[in-house]
Amino acid sequence: MRPLRLTVTHFGPYAARQEIDFAALGPHRLFLIAGPTGAGKTSLLDALCFALFGESSGEERLPGHLRSRHAPPDAPTEVALEFLQAGRRWRIARSPEWERPKRRGEGTTKERMKVSLQALDTDAPPVERESEVEARIRELLGLSAAEFRQTVLLPQGRFRELLVAKPADRQSILQTLFRTALYARIQKELSQAANAAKGALREAVGARAGLLRRAGADTPEAALAARAALREAQGAAEAAREAAAARAIAARAAEAAGQDAARRLAEAQRAAEALAGLAARAPAIQADRTRLDAARRADRLGLPLAEAEAAAGSATTQRSGAAAAAIRAEQARDRLARAEAALAEAPAQEAAARAAATEAERLQGLVALVAEAEAAARDAATARAAAGRATAALATATTALEAARGGAAATEAARATAQAGADQAERHRLARDAAAVRLDAARALEAAEASLHRARATGEAATAAEVRALAEFRGARAEREAAAARIAADHAARFALLLADGAPCPVCGSPHHPAPAHPPAGEALPDLDALDTAARAAEARLEEARRAAARAATALAIATEQQSAALARLGTAPREGLAAALQAEQSALAAAEAAATRLPALARAATEAMAAVTAAEARLVTAREGAIAAAGALAAADALQEERQRRLPAEAPDAASLRTQAAAAAARATSLANALRAAREEGAAAAEAARAQAERHAEAERAARLAEAAAADATARLASACAAAGFADAEAARAARLDAAAQEALAAAIAGFDRAQAAATSRAEATAQAAAGLAPPDLAGLAAAREAAEAAATMALQQATLAQRAVEEHDRLLAEIEAADAALAEAEAEAALRQDLADLAEGRGTGLDFEGFVLSGLLDEALAAANARLAGMLDGRYRLRRREEPERLRARAGLDIEVVDGWNAEARPAATLSGGEGFCASLAMALGLADTVAAHAGGHQLDALFIDEGFGTLDAETLDTAIRVLEGLQAGDRLVGVISHVAELRERIPARLEVTPGRRGTMAAFRLG
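Notes on the structure follow. Residue positions within a chain follow its written sequence, with the count starting from 1. Owing to the predicted nature of the model, reporting of local features is limited to residues with pLDDT of at least 70; listing and counting of side-chain atom pairs is limited to 80 or more, with chain, interface and lining totals taken over all residues. By convention in this description, side-chain values take in all heavy atoms of the structure and omit both hydrogens and water.

Our focus in this paragraph is the environment of L265. Tracing the backbone through its elements, the reader meets L265 in helix α7 (residues 220-280). Each C-alpha atom, one on L265 and one on L774, is 7.6 Å from the other, the two residues being 509 residues apart in sequence. Beyond its immediate sequence surroundings of up to four residues, L265 is in contact with A771, L774, A775 and P776. Helix and strand labels come from DSSP, where a helix needs a run of H or I of at least four residues and a strand needs a run of E of at least two; each type is numbered from the N terminus. Contacts are residue-level and defined by heavy atoms, with any inter-residue pair within 4.5 Å sufficient.

Following this line, the structure appears as structure tokens:
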């Protein structure tokens, strides 16, 4: 990658747009980036790295800090880089995220980061998605941002540090460069896997031992031999169960026969009682039959009843309508009389309406003249107020200009003070990071020690819990065995109750019973299932306690290793005062960052203050012109007011009063005309209404007389129909009527009674026949015999079930013991394998762990590349190599560097090299390391190199050597830029990029010669 043109706008110390065209170097490939401290030399490397990756060249400078403090509030920051890669020309432009003023209203809004990548030798559109640009840059360069900073931008102050560092420090540097954290994680995970495998092995051993204890054996063979005895006991218990079951079946059959006889006798008794109850209800049912017959006769009179009621209702309605029609006819006659009286006053109303209209026209004419005069008076008042405001504005503008000038001076002073504070931010940030690293190490040690203490306490508690769980398990097992013996003795006693002299024993077959067992008095049998469950739960708790103890032992080992690692990380640094030191540096950094945060606002405030001064001056000029114009407008308005006032009659009211009077006169005229028109319309309407209501009244009287005659005829027909149906009158017929639901309910009740009486008679006869000849059975005796037989059968079943369960449980234990043997063998093999891998990765026996092995190989590659460069320096006298054995006991092997002197073939520490020799070796080491990092990043060709390194401590001879080395880096057409402010370099390197600071921002330009 070769940079061609770099353009920065409002970036870092560069306020204005700066374009750096590398073509201005001409044939020169080595150039010096020169300038005073703080001018912005490193900011150019920040710009290169930000354009490509969106990051600065130093990890401590965040992208959000790269915006220029000199930038106007609404001006964006942008970096654009044109570069050549693999023969193709590319341009990438990037703007960081920033806060800009809102285009509408007050406050600010956030502009997101923008990026664009385009190939300049094609017509393809630019790529503008950030993720796509990042992937494309990684594809073009073959480097990440961190690798770019390690290979193209060589870090400041890290040359000799790598060469003479202690192995542990060198390992940290190489871990950062080659990103070998993956191998450290693999190493750690292998150790954790070994610990886990050992824990699993302990659990497998404990599980196998627990299973053998449950089986009551010491070996799997003894557990298998115990199964035959259990099978023999199961066969005997099963035979006893079958005999007891047969006796229980016979007892249940006898009890069932007795229950059937008792049931038949009870059914016969209930049937006789039901028939007697129905006979008692017969009189009430007969009364319901009579009531239902009368209701059905009354239903046949429904039509005459309905006709009579309808005729009577119609007559009443027609008579009411006739009375209402008479009232409406009288009201219509009254209305007609009132309308005729109102029409008598019509001529006087017409004259009053014409007079009111004439007065309204006269008043309306006066309104226009008064309105013109009042408008002129208002204009004069407005002009007078405007003249007063213009005079006040002139005074205000003069005062505002003086205040704006004072505010601009104060704002500029505040900005300068904040700038001085912000310049210290970087120094405080580095000090804070160092203090934080030390404090984190101390806290990690405290946490490790606390974890170790907790792990020890947990281990002790787990051991105690295991002891308690073992005692509980033994107690539960003993209680269960005692309960089983108690139940067996009770079963024997129950069997003894069934023995009879001379009858064979169902167990042994002997007819002699010299010593039958007797049950313990007053004791309930224990719950064997519950005791089994309790014993299994106690055993489970014991196994869990053993696993917890194993886990606690593993945790203790891990905590011990963590404490050792934390002690090694902290080293000899004291623990006291670390938090206070970090707090002090954080406070100082916060103050500096607060000053830096205030800078953009103060810069904007300064710009706004100068703009306020300019605006105040413009407002003062505008105020003077406004005062002059307002005075002229006031004179013209006064003259117009006087001229219009002369045109008005004496003592004329104002326009509002005239308008009110004119409106009232017009309204009065309109009201009179409307009243006259309404009176005439009302007279015609009243006459028509009186005629219509008279006709309606006559028609209603005729209809009422006809309806009354029809009602009398319907009443006579109803009386004849009631007499024919057997009712004294119409009211008796209405009283006998029932609705359809009531009649259906009566009919259903009567029919139901008839059916129930027939069924009860039939059932009484049948049940009496079924119970004939039966005697009441002794159900209590039969039940007692059945219960005794069932109890014996249940006891035998329990014994058989217990025997079967014992065999099944033993079979499960045998299967689990076999699986546990296989799991134990597998766990032993797994633990051995994982421990071997962990020992190899930790370097036990070799002194070189897995990550160190990888780093040593990478260091060998870097040293080979460094020696290839060092051979051309210092007459080829020195060669770097890696020491295989550590210099000190217990030091990490494989990462020591020594230098071999070709003059005497002696190897010695690299720190013994002189200043010039050390610089050459360090530079060769840095370049070799950069080549190695680039090779492992994909082997892309890098045509540019920038070295940010101080040369101020070198003597003249060493400086001359360094310059020759730098000149040698131009080989292969590589572009080499060196940042330094050493005067001798300015004389030896003719091509320079001079960086010049200023109050308005930094400027940069190439100078040749």
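After that view of the structure, there is still more to cover.
What follows concerns the sheet that holds strand β12 (residues 906-909). In this scheme, strands are said to pair when DSSP sees at least two bridges between them. Reading across the sheet, the three strands line up as β10-β11-β12 and stay open at both edges, with antiparallel pairing between neighbours. Of all the strands in the sheet, just β10 (878-883) and β12 have a single pairing partner and so form its edges. Averaged over neighbouring strand pairs, the angle between their axes works out to 35 degrees when direction is ignored. Against the sheet, helix α18 (residues 850-870) engages β10 and β11 (896-901), with an angle of about 175 degrees to β10. Here an angle of 0 to 180 degrees is reported between the N-to-C directions of two axes, which are lines fitted to C-alpha atoms, with helices fitted over the stretch in contact.

We now examine helix α2 (residues 130-141). Take the residue count of a helix, subtract one, and multiply by 1.5 Å to get its expected span. The terminal C-alpha atoms of α2 lie 16 Å apart, and with twelve residues this matches the ideal 16 Å at 1.5 Å per residue to within 8%. The classification of residues rests on relative accessible area computed with a 1.4 Å probe and restricted to protein chains. Under 20% of the type maximum is buried, over 50% is exposed, and intermediate values are partly exposed. Along α2, the residues that are buried comprise V133, I137, L140 and L141. Burial along α2 is one-sided: seen end-on, the buried residues are contained in an arc of 80 degrees. Downstream of α2 by one or two residues, G142 has phi in the positive range, about 70 degrees. By definition, the arc is the one covered by directions from the helix axis to the C-beta atoms.

All right, on to the packing of α7 against helix α16 (residues 740-770) then. Running from amino to carboxyl end, α7 crosses α16 at an angle of 150 degrees, the nearest separation of the two axes being 8 Å. The angle between α7 and α16 falls in the class roughly antiparallel. Relative to α16, the crossing made by α7 is left-handed. Each of R264, E267, A268, A271, A272, L275 and L278 in α7 lies in contact with α16, whose residues at this interface are F753, A756, Q757, A760, T761, R763, A764, T767, A768 and A770. Class assignment of the residues belonging to the contact of α7 with α16 gives a composition of eleven nonpolar, three polar and three charged. In what follows, roughly perpendicular refers to angles from 65 to 115 degrees, roughly parallel to angles under 35, roughly antiparallel to angles over 145, and oblique to any angle outside these ranges. Here is the rule for handedness: rotate from the far helix to the near one, and if that takes an anticlockwise turn smaller than a right angle the crossing is left-handed, while a clockwise turn gives right-handed. Each residue is assigned to one class: nonpolar for Ala, Val, Leu, Ile, Met, Phe, Trp, Tyr, Cys and Pro, charged for Asp, Glu, Lys and Arg, and polar for all the others, Gly among them.

The subject of this paragraph is the pattern of salt bridges. The term salt bridge refers to a pairing of a side-chain nitrogen on Lys or Arg with a carboxyl oxygen on Asp or Glu at a separation within 4 Å. Summed over all chains, the structure comprises 31 salt bridges. A salt bridge links D121 to R88, with the shortest nitrogen-to-oxygen separation between them at 3.5 Å. Residue D121 is found in the loop between β8 (114-119) and α2, and its partner R88 is found in strand β5 (residues 88-95); the two are separated by 33 residues along the sequence. Using a relative accessible area of 43% as the deciding quantity, one classes D121 as partly exposed. If you follow the salt bridges from partner to partner, you end up with R5, R17, E19, D21, E82 and R89 in one network.

This part covers the pairing of strand β1 (residues 2-9). Extensive coverage of β1 is indicated by the burial of seven of its eight residues. Here seven bridges tie β1 to strand β4 (residues 78-85), and the two strands are oriented antiparallel to one another. Bridge pairing in β4 places L6 opposite L81. Pairing of β1 with strand β2 (residues 18-21), which is carried by four bridges, proceeds in the antiparallel orientation. Directly across from L6, in β2, lies its bridge partner I20.

Now for the packing of aromatic side chains. The criterion for an aromatic pair is that two Phe, Tyr or Trp rings (for Trp, the six-membered ring) have centres within 6.5 Å, with stacked assigned to planes under 30 degrees apart, edge-to-face to planes over 60 apart and tilted to the rest. Tallied over the full model, the rule gives five aromatic pairs. Ring plane angle 75 degrees and centroid distance 6.3 Å describe the contact between F31 and F946, whose orientation is recorded as edge-to-face. Here F31, found in strand β3 (residues 30-34), pairs with F946, found in strand β13 (residues 944-948); they are 915 residues apart in sequence, far enough to count as distant. The exposure class of F31 is buried, given its relative accessible area of 1%. Grouping aromatic residues by their ring pairs yields a cluster made of F22, F31, F946 and F1006. If you follow R877 out to its NZ or CZ, it ends over the ring of W903, 3.7 Å from the centre. Note on criteria: charge over ring means Lys NZ or Arg CZ within 6 Å of the ring centre, with the direction from the centre no more than 35 degrees off the ring normal.

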